Amino acid sequence: MSPTEPEGIRRQSTPRRRRTVRLRTLLIWLAVVPTVAMGTQVALTAERLLDQSAQLRSDVVAAERIGAPLYTLMVDMQAERTATAARWAGTGESEGELRARREATDLAAAEFRRLAVDPARSFGEVTRQLDKLPDHRLRADARSGTPDSTLAYYSEVIGKVIQVYQQEFSHAEDAELAQASRPVVSMLQATEMVAREDTVLALAGPSGELTFAGYDQFVSALGAQRYLHEALIVPHLTARDQRFYERVVGSSDWQTKTRIESAVLSGHKDIVSGIKLPAEIAGWPSAHANFSVQMTTLNIDLARSVLARGDAKAGELQTEVAWLIGGSAGGLLAVVVVVVLTTRSVLRRLHDLHERTVTVAEETLPDVVSRLQRGQTVDPEALPAVSGDRDEVGRISDAFARAVAVSVDGHRRLAAERHGFGLFASGIASRTGNLVSRQLSLTEDLQDTFGHDEALLAELMRADQLTVGMRRQIENLLILAGGEVPDPHTEPMRVADLLREAAAEVEDFRRIERQALDETSVEPSAISRISHLLAELLDNATRFSPPRSKVVIRAEVVTDGLSVEIEDRGPRVSPERYEEMNGRLHAAPPYSVLAQNAHRLGLFVVGHLAEQLHATVTLRRSVYGGTSAVVILPAELLVATGDRDPRTTGEPEPQRALQAPAPVRELLPAPAPAADLVPAPAVAAAAAVTGPPAAGGPEPAPEPVAHTSAGLPSRRTKAPAPVPAAAPAPLVPVPAPALAGRPALPERVPQTHIAEQLREPRAQETVVRPDTATPEEVADAWADYEQGTQTVEEELRRDQP
């Protein structure tokens, strides 16, 4: 009952189990993750295509709205630059031409400023450059500075315009449109180079002379425009544009242009102030006016072709997005349908497998094990069979069937071995129990024969107690082996006598105080098992408590039956240890647990007996610091004593303190003079003192207890019914045996061999109260308590694995 593990020892923490994910969740995630990834990719692709389509349409709209005014602004700026150069050179009709060109430029700039309001586009740089145009016109009119600086401003503005075309309308994000828009930008750059040639020749004026810097500008412009035509324009033109370009370059005006450029390169003359141009330059203005119109037409056709391609490409992108979304949605729907059907199929098969497994695990297998433990046969049809399916679920089912077959075979062998071991252990226990019973009978005979020798009588009593302990251990083996303890009782026994019989089974029975608070009796068939259960608890309580401390056992009728409480003064026990011990008491442990705890089987025996009696045993901490064991016996095991039925009422009887054993000589009958008479079994009263009687009330009479003829308490009576103490034991005449050829055996006369000291009344033991103890007695008691505690701790250390 008391602990086998001291307080403070904790269980080792178990490793934290990793959380598992359900198969349904895994299958769903297996479908969701690719679906989400595919959907995300489709969404991003569709968004990118839609953005590209929107950008193309925006570029087309912007080119249609701003492209034409921007191109007009570039052409007017080129014409104004040429007119400014001619007026600077002193050409007579250049002033009116310049005024007209400036008016055209102002109109084109105003139109551009009105339309170029989108801050996201690169129109602001052109606008800022146009803001400087009035200042440069004033310088040109006043001829302030050099003509190169003024003409360079116009070239810079035109370069910004071409840069806007290249950045805003080249469609760099689309390779096809970028390839188609490349000739447009190159054509604008070539047109600018030709316009610069026109400006340089206009700057030569009527004299036809150029500075070396002017001549270098002409040569550079000529080389650049030829390279652009040969390398970046002609190779990238479509067949239709190629034919139109060939008509332009094959015209007489373009041929005149080429001839004049060649004459300037080869027919110029170096003079002191610069370069003297040839006379062929006089035909440049008319030729330039004609082929520039054709080039402008070609530029506009190229730009419109690119815009048409951009618009068509935007439509294609939108159609591609529609097909992409539709096809992806259909594919995702198909994936979802396939995943749902597959998941349902797999889960349905797994659910069926789970149901079969649970049925086998919770119904079939326990029934098979129970039948095997009872020694019955098992029908092979009741077990799952191997189907031979080759898919994953089928293989799992077959593996489970094989595992069940192996488990059943193991249980079959284990049941056979357990049954054989139980028979073996029961046989050994029965034979050893017979020997122990004979040893007890011999000890009682020796007590009767040599009771006059006090020292020998004390040793015989110790031997008797040890033999009783051996018998109880043998009965423990019999109980754990599945046998039953023989019960010689045929009549109900009072609870007080039952407590006395259980206490007599304990070696240190003098420390046990018994209190029977109710007058009730116990069924004969359960007396031995209840006595054995209480004896195990009492023995454990006396062994694991200080040597001089008392162990109290009290019994009273409660609502659920009979409550028996055993309280000791043992060491403290942790709540976890109480929980573990109560688990062993409330359910009979398997043999594997018994094998691991073979050195402490008391609680297992109590658990087996409690299961047989349908009783409950609970261990808990006592208010005194020790352990309290509460046994609740069911009301079906109780019978009425006198006119009172404890199973129909829960009111306890008044508490009655049990008295100390009465003097032996007063309880035994007087010596009989007849030599051929032997005393019948005499029953005398004896009990432990628990407290003084109530004030003013009469002392209760001692309860009867069965004794041997030598005055020793008998632990196992064949007739436990009490007999009044004052009634003498009847003497039964027994004829002396007279066998032929054998002398008569000596006959024992009652009360003639008992020790003289046992004839005198035994003085009642006095209870030493703690408040009257001397310091020496307190020190001795504390030393005994420490010695007992050290003994318990040493046993605990030996018991721990």
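Procedures and definitions
- Residues numbered from 1 in each chain as written.
- Predicted model: local features only at pLDDT ≥ 70, side-chain atom pairs only at ≥ 80, totals over all residues.
- Heavy atoms only, no water.
- Helix = DSSP H or I, 4+ residues; strand = E, 2+ residues; numbered from the N terminus.
- Salt bridge = Lys/Arg side-chain N within 4 Å of Asp/Glu carboxyl O.
- Buried < 20%, exposed > 50% of the residue type's maximum accessible area, 1.4 Å probe, protein only.
- Expected span 1.5 Å × (residues − 1).
- Pairing = 2+ DSSP bridges.
- Axes fitted to C-alpha atoms, helices over the stretch in contact; angles between N-to-C directions.
- Core = buried A, V, L, I, M, F, W, Y, C linked by side-chain atoms within 4.5 Å.
- Parallel < 35°, antiparallel > 145°, perpendicular 65-115°, else oblique.
- Contact = heavy atoms within 4.5 Å.
- Patch = residues over 30% accessible without salt bridge, like charges linked within 9 Å, V, L, I, M, F, W, Y side chains within 5 Å.
- Areas by Shrake-Rupley, 256 points an atom, 1.4 Å probe, with all protein chains shown as cover.

Here's the deal with unusual backbone geometry
Here comes step 1: Phi at Arg 143 is positive, roughly 55°, even though this residue is not glycine.
Here comes step 2: Along the chain, Arg 143 falls in the loop between helix H4 (133–142) and helix H5 (147–168).
Here comes step 3: In this structure, His 614 is a non-glycine residue whose phi angle is positive, near 60°.

A word on the pattern of salt bridges
Here comes step 1: This structure, assessed with the given rule, holds 25 salt bridges.
Here comes step 2: Here Glu 95 makes a salt bridge to Arg 99, at a shortest N to O gap of 3.8 Å. Placement of both Glu 95 and Arg 99 in helix H2 (residues 94–115) is noted, with a separation of four residues, approximately one turn of the helix.
Here comes step 3: Overall, the relative accessible area of 42% leaves Glu 95 in the partly exposed class.
Here comes step 4: What makes Arg 99 partly exposed here is its relative accessible area of 48%.
Here comes step 5: The partner of Arg 102 in a salt bridge is Asp 141, and the shortest N-O contact between them spans 3.0 Å. Taken together, the residues span a long stretch of sequence, with Arg 102 in helix H2 and Asp 141 in helix H4 at a distance of 39 residues.
Here comes step 6: Note on Arg 102: relative accessible area 13%, which makes it buried.
Here comes step 7: Residue classification places Asp 141 among the partly exposed residues on the basis of a relative accessible area of 35%.

Concerning helix H1 (residues 23–89)
Here comes step 1: Between its first and last C-alpha atoms H1 spans 92 Å; for 67 residues at 1.5 Å apiece the expected length is 99 Å, and the two agree.
Here comes step 2: Following H1 by one or two positions, Gly 90 adopts a phi angle in the positive range, close to 95°.

Considering the sheet that holds strand E2 (residues 269–270)
Here comes step 1: On the basis of which strands lie adjacent, the open sheet formed by three strands has the order E1-E3-E2 and antiparallel pairing. Both outer strands of the open sheet, strand E1 (209–210) and E2, are each paired with one neighbouring strand and no more.
Here comes step 2: Pairing geometry for E2 and strand E3 (residues 275–276), over two bridges, is antiparallel. Residue Asp 270 lies in a different strand from E3, and its bridge partner there is Ile 275.

Concerning the sheet that holds strand E8 (residues 561–567)
Strand pairing in a sheet takes place through backbone hydrogen bonds and is either antiparallel or parallel in direction.
Here comes step 1: With mixed pairing, five strands are arranged side by side in an open sheet as E5-E7-E8-E10-E9. At either end of the open sheet lies a strand with only one pairing partner, and these are strand E5 (512–516) and strand E9 (616–621). Across the sheet, the mean angle separating the axes of adjacent strands is 15° when strand polarity is ignored.
Here comes step 2: The sheet contact formed by strand E7 (residues 551–558) and E8 spans seven bridges and is antiparallel. Within E8, the residue paired with Val 557 across the bridge is Leu 562.

A closer look at the nonpolar core
Here comes step 1: Counting 48 residues, the largest nonpolar core has Ile 530, Leu 533, Leu 534, Leu 538 and Ile 566 as the members making the most contacts within it.
Here comes step 2: Of all hydrophobic cores here, the second largest spans 25 residues; its members include Ala 108, Ala 116, Val 126 and Val 161.

Focus on the packing of H1 against H4
Here comes step 1: Their axes nearest at 10 Å, the elements H1 and H4 cross at an angle of 25°. Viewed along their axes, H1 and H4 adopt a mutual orientation that is roughly parallel. Between H1 and H4, the contacting residues are Glu 80, Thr 84, Arg 87 and Trp 88 on the first element and Leu 133, Arg 137, Arg 139, Ala 140 and Asp 141 on the second.

Here's the deal with the pairing of E8
Here comes step 1: For E8, the tally of buried residues reaches seven of seven residues, placing the bulk of the element in the interior.
Here comes step 2: If you look at the hairpin formed by E7 and E8, you'll find two residues sitting between the two strands.
Here comes step 3: Here E8 runs beside strand E10 (residues 627–634); their pairing, made up of seven bridges, is antiparallel. Bridge pairing in E10 places Ile 566 opposite Ala 629.

As for a nonpolar patch on the surface
Here comes step 1: Together, Ile 28, Trp 29, Val 32, Val 33 and Val 36 give the surface a local cluster of nonpolar side chains, amounting to about 450 Å² of exposed area.
Here comes step 2: Relative to the helices and strands, Val 36 is located in helix H1.
Here comes step 3: Look at Val 36 and you get partly exposed, because its relative accessible area is 48%.

Section: the environment of Ser 186
Here comes step 1: Following the sequence through the fold, Ser 186 ends up in helix H6 (residues 175–204).
Here comes step 2: Note on Ser 186: relative accessible area 4%, which makes it buried.
Here comes step 3: Sequence spacing of Ser 186 and Leu 232 is 46 residues, and the spatial spacing of their C-alpha atoms is 6.3 Å.
Here comes step 4: The contacts of Ser 186, once residues within four sequence positions are left out, are Leu 228, Leu 232 and Ile 233.

A few points about the side chain of Arg 81
Here comes step 1: Among the structural elements, Arg 81 can be located in helix H1.
Here comes step 2: Owing to a relative accessible area of 1%, Arg 81 belongs among the buried residues under this scheme.

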